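Spelled out, the chains give:
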Amino acid sequence: RIPFSIPDDKMRVMANETTQWQPDFLAVDPVHGMWFALYCEQNNIQFPSLRFIISSYEYTSVIHRRIMERVFGVPVINLYGSSETGHLLIQNGSDELIPSPETAYLELVDCDNRGVGELLVTTRTNKYLPLIRYEIGDLAEATPHGYRIHGRKRDALVDKNNHCVTTRQVDEIFRGIENICHYQVRQSSDGKVEVLLLPENSNSTNAGTTVEVSQRLEKLLGKS
């Protein structure tokens, strides 16, 4: 479950199998997909048959998307759903996700002044486990053409005014940040925040990147 601990020989097998299969697309967990992309880049491995990448299973960070698109040279399409509900949303040409009304009816409840609320799902096709207003556990925002997913409700931070700061908002501070392939942001009960950064390689991090991330996060949370 932790891609960073996968040995090189296993990564080599994955790359060889992908080369032999020559797939039109890859369906990946974004963290695993990013780590696989870096391995391929470091070993000059390319898959010319690829047309796109489907990213699902967890929130797709701007960092993971940047690396996969850079290495594979194809668009990354976000697919959203769950084991209980099936596929619910798929990314269109922008950052919005289009719903599948044949699959489920979606609602947003307890929305804040930004329109971000908790997503509820009522299934229409699951005959064996029909769900009514199922609390899927994610925050979302309605748009004129679909939705934007904001990440898990339990993963949200709070700012100095005790307002919710979503995973999407936190992730946006990493837009344009280079040489970082993964991160973790943790907030303790007293409001203090710890940020852990994983560089693309041992020589790619610098003090300037750390300072820039810290300043952006402080601005987002309203901390001095």
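As shown above, the structure is provided for reference.
Just so it is clear, the model here is predicted, and its values are computed rather than measured. (Residues numbered from 1 in each chain as written. Predicted model: local features only at pLDDT ≥ 70, side-chain atom pairs only at ≥ 80, totals over all residues. Heavy atoms only, no water.)

Attention shifts here to the pattern of salt bridges. For the coordinates displayed, the defined rule picks out 15 salt bridges. When the shortest N-O distance is used, the salt bridge between Glu200 and Arg66 registers 3.4 Å. Linking Glu200 in the loop between strand 13 (193–199) and helix 5 (207–221) with Arg66 in helix 3 (residues 62–72), this pair joins segments that are 134 residues apart in sequence. Take Glu200: its relative accessible area is 12%, and that puts it in the buried class. Using a relative accessible area of 18% as the deciding quantity, one classes Arg66 as buried. As a salt-bridge pair, Glu172 and Arg175 come within 2.7 Å of each other at their nearest N and O atoms. We classify Arg175 as partly exposed; its relative accessible area is 47%. One network of salt bridges, in which partners are shared, links Glu41, Arg66, Arg70, Glu178 and Glu200. (Salt bridge = Lys/Arg side-chain N within 4 Å of Asp/Glu carboxyl O. Helix = DSSP H or I, 4+ residues; strand = E, 2+ residues; numbered from the N terminus. Buried < 20%, exposed > 50% of the residue type's maximum accessible area, 1.4 Å probe, protein only.)

A ring pair, where both rings are aromatic, is described by two values, the distance of the centres and the angle of the planes. According to the stated counting rule, one finds 6 aromatic pairs in the structure shown. Centroid distance Phe4 to Trp35: 4.9 Å. Interplanar angle 90°. Geometry classified as edge-to-face. In this pair, Phe4 is assigned in the segment before helix 1 (8–21) and Trp35 in helix 2 (residues 30–42), connecting sequence segments 31 residues apart. For Phe4, a relative accessible area of 29% translates into the label partly exposed. Judged by centre distance (6.3 Å) and plane angle (35°), the rings of Phe36 and Phe72 are tilted. You can see Phe36 sitting in helix 2 and its partner Phe72 sitting in helix 3, a full 36 residues away along the chain. The same class applies to Phe36 as to Phe72, namely buried. (Phe/Tyr/Trp six-rings, centres within 6.5 Å; stacked < 30°, edge-to-face > 60°.)

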